[in-house]
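If you want the building blocks of each chain, they are given just below.
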Amino acid sequence: MNRFIIKNIKNKSFNFFNLTVKYSTTGPEHYQAITCGTEDTKNFRIFYEKNSKIISPFHDIPLFYDKNESILNMVVEIPRHSHAKMEINKKELFNPISQDVKKEKLRYINNIYPYYGYIWNYGAFPQTYDDPDHVDQTTGCIGDNDPLDVIEIGTEKQKRGAVIQVKVLGALGLIDEGEADWKVLTVDIKDKLAAELNDIADVESKLPGLLESTRDWFKHYKIPSGKPANNFAQGGRFFDRDFSLQIIQKSYTAWSKLVEQKENTKKISLANSCLNNSNTLNDEMAREKLENIFMNLKKSESKSEKNMSELEKIYYIDRSKY
C-alpha cells in the first residue's frame, strides 16, 4: 500500500497490512472515526480525522461547539449498557480511544444489581484536564490526571467514538481512590428530552430516580473487583449547572497550560494538528506516524479477552455495609 493512501479512503473498510481499518462519520462537524484492530483486544483503537487531517480527540476537538449557548462537544467512549472500560489514551500519539488495561488484562466493569453495564452514555470533554498537581477545593483531593468525565443521560444509546453536542445540567464530585473525579451530567441537544432539561433540578423532576441511581452506581461499581466503595464531595450532593460550568472552565484552563509544555513528566502525548504550537505536527508527518502505529498494532494483534459469562453475571451488593 502506498504511503498516505489512507488520506483518500472514506466511509468504507479496508485492510492495512492485514489490520482491519474502518471509517465512519460522526457529528455535524464531520469528525471521521478511524477504527482499527479488533474490539476486546489490546490492539483496538479509534483515531480521528477532520477535513482529511489527522486530529487528537484530546487536543484538537474544541471544548465548545457554541460558547455563547454553552453547548459543548463530548467524545463518547462508552455507550450505555456496555461493559468495556474505554478511554481517550493520554500517552499514545494522537490520543486514540482504547480499552483500559489493569494488571495486563483489559478492563470491564461488573453488573451490580439492579444495573446492567454503564447506565448512561459515558465519555469525556475534549480540551479538559484534571491536574494532579492541583488540589480541587470542593473535594479536597488532587485531580485524577485525565480529561473531565461526562455522563449523557438522554434517551438514545450513543455510538462508541461519536462526537456529540451536549448541554450541561449538573455535576457529581466523585472521590475515587483519593483523587477528584468529577462527573458532569449532560444531555444531547438532539435528544427529545433536551428542551425539558436545563439544570440539575429538572433532572430530578423529569427523570425521578436517575440521580440517586447515578450516585449509587458510582459508589458501589468497583466493589465486585475487590475495591472499596467510593466517596463523594459534600455527601454526594449534585451541583447545579452554573457550578458545573465553573468546574469545566477550571479543567479547560489546566489543559491550556498542559499543552503549552514542550514535554511533561506525566508522559502525556501532546501531539496535535490544530493548535499551532511546539507539539503540532503537519499532516504528512502525522499520517506517516499513523501508518507506523497501524503496523505496530498489527504486530501486537491478540485474541479477544471478552468473557460473556462474566459480563452477564450479576453482583448483589449489601448497601448497609457501605
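In case you missed it, the structure is sitting above this.
How each quantity is defined
Residues numbered from 1 in each chain as written. Predicted model: local features only at pLDDT ≥ 70, side-chain atom pairs only at ≥ 80, totals over all residues. Heavy atoms only, no water. Helix = DSSP H or I, 4+ residues; strand = E, 2+ residues; numbered from the N terminus. Rg over C-alpha atoms; globule rule 2.2 N^0.38 Å. Buried < 20%, exposed > 50% of the residue type's maximum accessible area, 1.4 Å probe, protein only. Contact = heavy atoms within 4.5 Å. Areas by Shrake-Rupley, 256 points an atom, 1.4 Å probe, with all protein chains shown as cover. Lys, Arg positive; Asp, Glu negative; His and termini not counted. Charge placed at Lys NZ, Arg CZ, Asp CG, Glu CD. Polar contact = N/O pair within 3.5 Å; in protein donor to acceptor, adjacent residues only side chain to side chain. Salt bridge = Lys/Arg side-chain N within 4 Å of Asp/Glu carboxyl O. Pairing = 2+ DSSP bridges.

Novice: Explain the overall build of the chain to me, please; I cannot follow it from the model alone.
Specialist: If you tally the helices and strands in the chain, you get five helices and 20 strands. Computed over C-alpha atoms, the radius of gyration of the chain comes to 19 Å, within 12% of the 20 Å expected from 2.2 N^0.38 for 322 residues, which places it in the range of a compact globule. Principal-axis analysis of the C-alpha atoms places the extent of the chain at approximately 60 × 45 × 40 Å. Counting all 322 residues of the chain, 54% fall into the buried class. Across the chain, contacts joining residues at least 24 apart in sequence account for 68% of those joining residues at least 6 apart. In the structure as shown, the chain presents an accessible area of about 15,000 Å², 46% of it carried by carbon and sulfur atoms. Here the chain contributes 46 positive and 46 negative side-chain charges, whose respective centroids are spaced 5 Å apart.

Novice: Hey, could you run me through the side chain of S56 in this one?
Specialist: For S56, the position within the fold is in the loop between β5 (53-55) and β6 (64-66). The exposure class assigned to S56 is buried, which follows from its relative accessible area of 0%. Reaching out from S56, the side chain makes a polar contact with the backbone nitrogen of H59 at a distance of 3.0 Å. Within the structure, the side chain of S56 is placed 2.6 Å from the side chain of N95, a separation counted as a polar contact.

Novice: What is the right way to look at the pattern of salt bridges in this model?
Specialist: Between side chains of opposite charge, a pair can form as their charged atoms come close. Counted by the stated rule, this structure contains 19 salt bridges. In this structure, E305 engages K42 in a salt bridge whose closest nitrogen and oxygen atoms are separated by 2.2 Å. Here E305 is found in the loop between α4 (283-299) and α5 (308-311), whereas its partner K42 is found in the loop between β3 (31-36) and β4 (45-50), with 263 residues between them in sequence. The exposure class of E305 is partly exposed, given its relative accessible area of 28%. What makes K42 partly exposed here is its relative accessible area of 32%. Linking R287 and E49 is a salt bridge whose minimum nitrogen-to-oxygen distance equals 2.8 Å. Of the two residues, R287 sits in helix α4 while E49 sits in strand β4, which places them 238 residues apart along the sequence. This pair shows no difference in class: R287 is buried, exactly as E49 is. One network of salt bridges, with partners in common, ties together D176, E177, K222 and K227.

Novice: Explain the environment of G123 to me, please; I cannot follow it from the model alone.
Specialist: Summarising the element assignment, G123 is placed in strand β13 (residues 121-124). For G123 and A162, which are 39 residues apart along the polypeptide, the C-alpha to C-alpha distance reads 9.6 Å. Discounting residues that sit within four places of it in the chain, G123 has contacts with M74, V75, V76, E77, L148, D149 and V150.

Novice: Sorry, what's going on with the pairing of β3 here?
Specialist: In the case of a regular strand, side chains alternate between the two sheet surfaces. With respect to burial, β3 is a largely interior element, six of its six residues being buried. Taking every second residue as pointing to the same face, both faces of β3 are buried, with Y31, A33 and T35 on one and Q32, I34 and C36 on the other. Sheet analysis places β3 next to β4, joined by five bridges and oriented antiparallel. Among the inter-strand pairings, C36 is bridged to a residue of β4, identified as R45.

Novice: Sorry, what's going on with the pairing of strand β16 (residues 163-176) here?
Specialist: Most of β16 is tucked away: 14 of the 14 residues are buried. Pairing of strand β7 (residues 71-78) with β16 involves five bridges; the strand directions are antiparallel. Considered in β16, the bridge of M74 is made with I164. Sheet topology places β16 next to strand β17 (residues 179-188); 10 bridges connect them, and they run antiparallel. Across the sheet, the residue bridging to G173 is W182, located in β17. Between β16 and β17, which pair antiparallel and follow one another directly, the connecting turn spans two residues, one of which, E177, has a positive phi of 55°. Strand direction decides the pairing type here: β16 and strand β19 (residues 238-239), joined by two bridges, are antiparallel. Each residue of the ladder has a partner; that of A171, found in β19, is F239. Pairing of β16 with strand β18 (residues 231-232), which is carried by two bridges, proceeds in the antiparallel orientation. Bridge pairing links I175 to N231 in β18.

Nothing here speaks to function; it is all geometry.
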